[in-house]
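# Residue-level structure breakdown
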Amino acid sequence: MSDLKKKYSVFLPRTAFPMKADLPQREPKRLERWKADRLYERIEAKRRSDNAAGTGRGRRILHDGPPYANGAIHMGHALNKILKDIVVKSLWLDGYESPYVPGWDCHGLPIEHAVEKDLGPKRREMPRSEFLAKCRAYAQKWIDAQRTGFQRLGVLGAWDQPYVTMNPIYEASVVRLFARLFESGAVTRKLKVVHWSYGARTALAEAEVEYADRTSSAVTVAFPVKDEDARKLGLPIPFYLPIWTTTPWTLPSNLAIAMHPDMEYAIVQAGDRYYAVVVPLLDDFQKKLGVALHIKEIRKGIAFQTLKYRHAWIDRESPVLLADYVTADAGTGLVHTSPDHGVDDFNLAHHLGLLELVGPDGRFTAAVNDPELEGKNVFAANPLVVARLQSIGALLHEEQLTHSYPHCWRTKTPILFRATEQWFITMDDELFHTGKSLRELGLEGVEATQWVPPQGRNRIHAMISGRPDWCISRQRAWGTPITVLRCSECGEPLVCPEIFEKAAAAIEQEGIEAWADLPLAQLTPADAKCAKCGSTAFQKETDILDVWIDSGVSGVVASATSPELRKEDYGKYIYLEGSDQHRGWFHSSLLFSLAATGEKPYNTVVTHGFVLDGKGQKMSKSLGNVITPEEIMKTLGADILRLWTASVDISEDVRISKDILERNADAYRKIRNTLRFLLGALADFDSAKDVAPEAQWSPLDRWVWSAFLNLAKEVREAYLAFDFLKATQAILSFCQLELSGRYFEIIKDRLYCDRLDSPRRRSCRTVCLALAKGMTILVAPVLSFTADEIWEHLPGAEGHVFEQRFPAGESRAEPSSWSLLWRIKEALNRSLEPMRAAKEIGTSLDTKVSISLSPELRPLLASLQETLEDLLVVSSVDILIAGGSPLAGDGFELQVDPHVGIKCPRCWNHRGGAGAGEHADLCLRCSEVVQAGVEA
RNA sequence: AGUCCCGUAGCUCAGUUGGUUAGAGCACUACACUGAUAAUGUAGGGGUCCGCAGUUCAACUCUGCGCGGGACUACCA
């Protein structure tokens, strides 16, 4: 029997496109080819010529947020870069020029530290410029590593010409833009409270602070109120304000006491004194004093608004101030305030002046005017202060408190907060004589930007409304220098355009290293004189700029310096970054660009969540749940990772795990096999003679093409709206339902068994080719490697898949008739199941179906103009028009029975027995095909 | 600790202004096919919509309080 079966040949799918993807092996080879073909440049050139010819859609550009050039790429990088690549590729396929210029952020502390760590003690002897060169080399190493990693993900872009913040041209641009910040009136110099390491004698950035447990003396101290001041407010006498602090050494700098305006304070008698204490802490206060408290009355904090008090031992009168940040967690609800040594304190009370009693070495200066304290380290002074409080009767209580306290991570000394002079970008002063402040301009910019998802708008709006002036100076080395001079006598800065330009010119040649080496004499203007003290001696400023300025002006600098970008691109960029960049790059780009140019860089900002593990936990070494792009490249390949990227809801945090990736590999196989079937159907397809004009397409082919056009519209719109999840789910579902489940099942017969030149086979193959092309294009932004591979196997495909345009066209569906057919088919499938279970049938071709139809449905089915046996993949169909009462439910009923006819050995339907001679058991169609084959 | 965001099948996601029996794809199970074959088709099972309380004729959907997760800002007198 088996050789009888073999006797009849059918036209099976045939393609060189392999079922097994082998992505980890094949992708790198494909990458090499892309590189050799200069694929990126080729696509861009194509879009440029389209635009020149008037057939393009103009320019739409995603501006890359620069990753920090430190360390190997992680999943967060991969997610971000792949998303950007999907955007760029969708724009290409929609007909835009969309140059993608990747960037790197290179200056700053983490690199400086890494290099210092490598150098060890050698760092101290090293000239600044040499140290900077080491930092430069370190950053370059990681740029190269990351570039390789990003390219491996399939990201196309101007990898040969990235923008790099440590490029001398970039550095010089930043210096020039900084000069413009001065011109715009955005820069001021003022005091700020910073983390100060007396061990390193420097201000520390957040990242340099580490927390460790420390035991401090926590004291409760009574500050007296003058009797006459107490009387003015009707307070009992003698009246004291008790405060609690863990840093007794800051008491000489006390300039105010903060109370909460709305909290209730009890006026209590303890022994022969009266105190104010916030109500929830009364018990605590009583325990500390060890005597009974008698509550006299209760007042809100605001009632103390005008109260003045005396310092515990210094001859000084200070005010009570109201502050919302006061809590009733610990202490007394009255907060010791020294603007020199606390951020809140400074913000609340710096108008009272700063005392500057503590020097950079952490010792009290002569200004303290106290022989016992002068010259003492502040932490060593703590016991002295406590003893003094004890002796004058101001100490109500002392205890040892172990708490988490900031330490300098290099010298391990405890940190103090210290007010120092720094450079700031001012948020509320008028800029450019526009009558508007940077804050106002920023908020306008937020309104004029499209935020995706829309919640981003609120988030950044709140930050810009509330943010303080931006401190932009750092006492570090690896960064853009603040190219001003300082008076050698009094430290007053000398800022002038001439110096900026000279510095910029030198830096443009040799990088920021040039600033340290630039001779002072060359820089100093001829008649320079200190505005404050009249001195003519100057030295170069050694502070550098906050790295956020570097990256914040990347849009401005890249537009001006990248060969692929133009000045007019600025202002219309798409930004796409993790949601943390609301506070980071979106924020700095908006403010610094506005301050330097008066214009914001972007008009669309897209954000995505963070990558978590399969359980929604943050990835960390200690949890052992870290997945790296590198290992995915080795095991599954970039297209699987890309599919994952396009299958999760990026507006929230996203999850990844081996299991989740495996699901995506399954989905990938489904798509790959669907495309492979189409390619197989196109074996030996000759575009010259096998194409059927659309007017001759069969109804079924027109149906599937309409369905495809609907899909293409949905997918294109989803891509352009950054909704990649929707795009891939639609594609996947189309592969599964419309193509594999419906269309392919039906066309197998005509593809395999019709004669080669049958009109419906030709129509079908024409549509298969269109579907294959179209699907490949739709999938290309995500499955770039695979799309490229398919394109090579497509008959008559020209150019590169990324040079194509999204398929478009009006869908001409006849939805009601086809949806009726699919409902009938579903019902049929359900009734087939029990028959299979009973071993009455195997395939649906073993059956005959009677359909009882409501009369009004008859024309619908007739309008399909296809043979129902073919559409339902059964051997025969009878239509019975139901008379009398209309049929319930869907308007049809099915009667399914095993077909008893002769099975055609070639096409397996049961309409056999129509052939002649030795082919007697064939069906009519097959016998004709076989006959023709014999004759030919 | 504060602010903001999130919590629907094993997984990834839909779920219109509150309104019948909460959907899709994958995975799983079974069956069929062996002419998409390390494929393919069909059917089926599976959900206290994080928990509790409230508003309502009616809550996955609105409110409050928890729990869990994440981002940001702090660590504080």
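Conventions adopted
Residues numbered from 1 in each chain as written. Chains lettered and ligands numbered in written order. Predicted model: local features only at pLDDT ≥ 70, side-chain atom pairs only at ≥ 80, totals over all residues. Heavy atoms only, no water. Near = heavy atom within 4 Å. Polar contact = N/O pair within 3.5 Å; in protein donor to acceptor, adjacent residues only side chain to side chain. Helix = DSSP H or I, 4+ residues; strand = E, 2+ residues; numbered from the N terminus. Buried < 20%, exposed > 50% of the residue type's maximum accessible area, 1.4 Å probe, protein only. Contact = heavy atoms within 4.5 Å. Pairing = 2+ DSSP bridges. Salt bridge = Lys/Arg side-chain N within 4 Å of Asp/Glu carboxyl O. Arc of directions from axis to C-beta. Core = buried A, V, L, I, M, F, W, Y, C linked by side-chain atoms within 4.5 Å. Phe/Tyr/Trp six-rings, centres within 6.5 Å; stacked < 30°, edge-to-face > 60°. Lys NZ or Arg CZ within 6 Å of the ring centre and 35° of its normal. Axes fitted to C-alpha atoms, helices over the stretch in contact; angles between N-to-C directions. pLDDT = per-residue confidence, 0-100.

## Notes on the protein's contact with RNA strand B
Close to RNA strand B lie 59 residues; Thr245, Thr327, Ser647, Asp653 and Lys839 are nearest. The sugar and phosphate moieties of RNA strand B supply 79% of its atoms located within 4 Å of the protein. Backbone polar atom of Gly616 to a sugar or linking oxygen of RNA strand B: 2.5 Å apart, as the coordinates give it. Contact distances for RNA strand B include 3.1 Å between a base nitrogen and a side-chain N or O atom of Ser740. Looking at the surface near RNA strand B, the elements with two or more residues in it are β6 (239-245), β13 (334-337), β14 (395-408), α23 (658-681), α26 (724-753) and α29 (815-837).

## A word on the environment of Lys825
Relative to the helices and strands, Lys825 is located in helix α29. Overall, Lys825 belongs to the buried group, its relative accessible area being 10%. Once the C-alpha coordinates of Lys825 and Arg742 are considered, the two residues, 83 residues apart in sequence, prove to be 9.3 Å apart. Apart from the residues within four sequence positions on either side, Lys825 is in contact with Gly741, Glu745, Ile746, Leu871, Leu872 and Val873.

## Regarding the side chain of Glu789
Of note, Glu789 is situated in helix α28 (residues 784-793). Since its relative accessible area comes to 4%, Glu789 is described here as buried. The contacts of Glu789, once residues within four sequence positions are left out, are Phe17, Pro18, Arg26, Arg30 and Arg672.

## Observations concerning the pairing of strand β7 (residues 256-259)
Burial along β7 is two-sided: the residues Ala256 and Ala258 and Ile257 and Met259 are all buried. Sheet analysis places β7 next to strand β12 (residues 317-322), joined by three bridges and oriented parallel. By the bridge assignment for β12, Met259 is matched with Leu322.

## Side note on the pattern of salt bridges
For the structure shown, the criterion picks out 57 salt bridges. Put simply, Lys634 and Glu630 hold a salt bridge, and the shortest N to O gap is 3.6 Å. In this pair, Lys634 and Glu630 are both assigned in helix α21 (residues 629-635), four residues apart and thus about one turn of the helix distant. A residue is classified by how much of its surface remains accessible, and Lys634, at 61% relative accessible area, is exposed. The partner of Asp757 in a salt bridge is Arg755, and the shortest N-O contact between them spans 2.6 Å. A residue is classified by how much of its surface remains accessible, and Asp757, at 44% relative accessible area, is partly exposed.

## Looking at helix α10 (residues 282-289)
Looking at α10, one finds that the buried residues are Leu282, Phe285, Lys288 and Leu289. Across the axial projection of α10, the buried residues extend over an arc of 125 degrees, all falling on one side. Exposed side of α10, more than 90 degrees from the buried face: Asp283 and Lys287 are the residues found there. Looking at the residues trailing α10, positive phi occurs at Gly290, about 75 degrees.

## Quick notes on the nonpolar core
Counting residues in hydrophobic clusters, the biggest one holds 229 residues, and the most contacted among them are Leu641, Trp644, Ile656, Phe708 and Tyr743. At 14 residues, α26 tops the list of elements feeding residues into this core. Every residue in contact with Leu641, bar those within four places of it in the chain, is listed here: Met75, Ala78, Ile82, Leu153, Ile632, Met633, Ile656 and Leu661. Listed in part, the 63 residues of the second largest apolar core include Tyr198, Val277, Leu293 and Phe364.

## Structural notes on the packing of aromatic side chains
Counted by the stated rule, this structure contains 30 aromatic pairs. Between the aromatic rings of Tyr40 and Trp92, the centroid separation amounts to 5.9 Å while the plane-to-plane angle is 50 degrees, which identifies the pairing as tilted. Within this pair, whereas Tyr40 is found in helix α3 (residues 39-53), its partner Trp92 is found in helix α4 (residues 75-93), the two being separated by 52 residues in sequence. As far as burial versus exposure is concerned, Tyr40 and Trp92 are alike and both buried. Among the aromatic residues, those joined into a ring-pair cluster are Trp451, Tyr575, Trp585, Phe586 and Tyr602. Above the ring of Trp515, the side-chain terminus of Lys540 is found at 5.7 Å from the ring centroid.

## Some thoughts on the sheet that holds β12
Within the open sheet, the four strands sit side by side as β11-β12-β7-β13. Their pairing is mixed. Looking along the sheet, the strands with just one partner apiece sit at the ends: β11 (308-310) and β13. Within the sheet, the average angular offset between the axes of one strand and its neighbour, ignoring direction, is 35 degrees.

## Topic: the confidence of the model for chain A
Averaged over all residues, the pLDDT of chain A equals 87, while 95% of them reach at least 70. A low-confidence stretch, residues 1-6 stays under pLDDT 50, and its non-local contacts, those more than four residues away or across chains, total one contact. Here the complex is predicted with pTM 0.88, and the ipTM for its interfaces comes to 0.93.

## Quick word on the sheet that holds strand β26 (residues 602-608)
Taken together, the three strands give an open sheet; going across it, the order is β18-β26-β25, and neighbouring strands pair in parallel fashion. Two strands in the sheet have a free side with no partner beyond their single neighbour: β18 (450-452) and β25 (573-578). With direction set aside, neighbouring strand axes in the sheet form an average angle of 15 degrees. Pairing geometry for β18 and β26, over three bridges, is parallel. Bridge pairing links Val452 to Val606 in β26.

## Observations regarding unusual backbone geometry
Residue Pro238 follows Ile237 across a cis peptide bond; omega there is -5 degrees. You can see Pro238 is positioned in the loop between α9 (227-232) and β6. Cis geometry is adopted by the peptide bond preceding Pro453, which originates at Val452 and carries an omega value of -5 degrees. Here Pro453 lies in the loop between β18 and α14 (455-466). Notably, Arg38 is not glycine yet its phi reads approximately 50 degrees, a positive angle. Note that Arg38 resides in the loop between α2 (23-36) and α3. Even without glycine at this site, Asp684 takes up a positive phi of about 60 degrees. Turning to its location among the elements, Asp684 is positioned in the loop between α23 and α24 (687-690).

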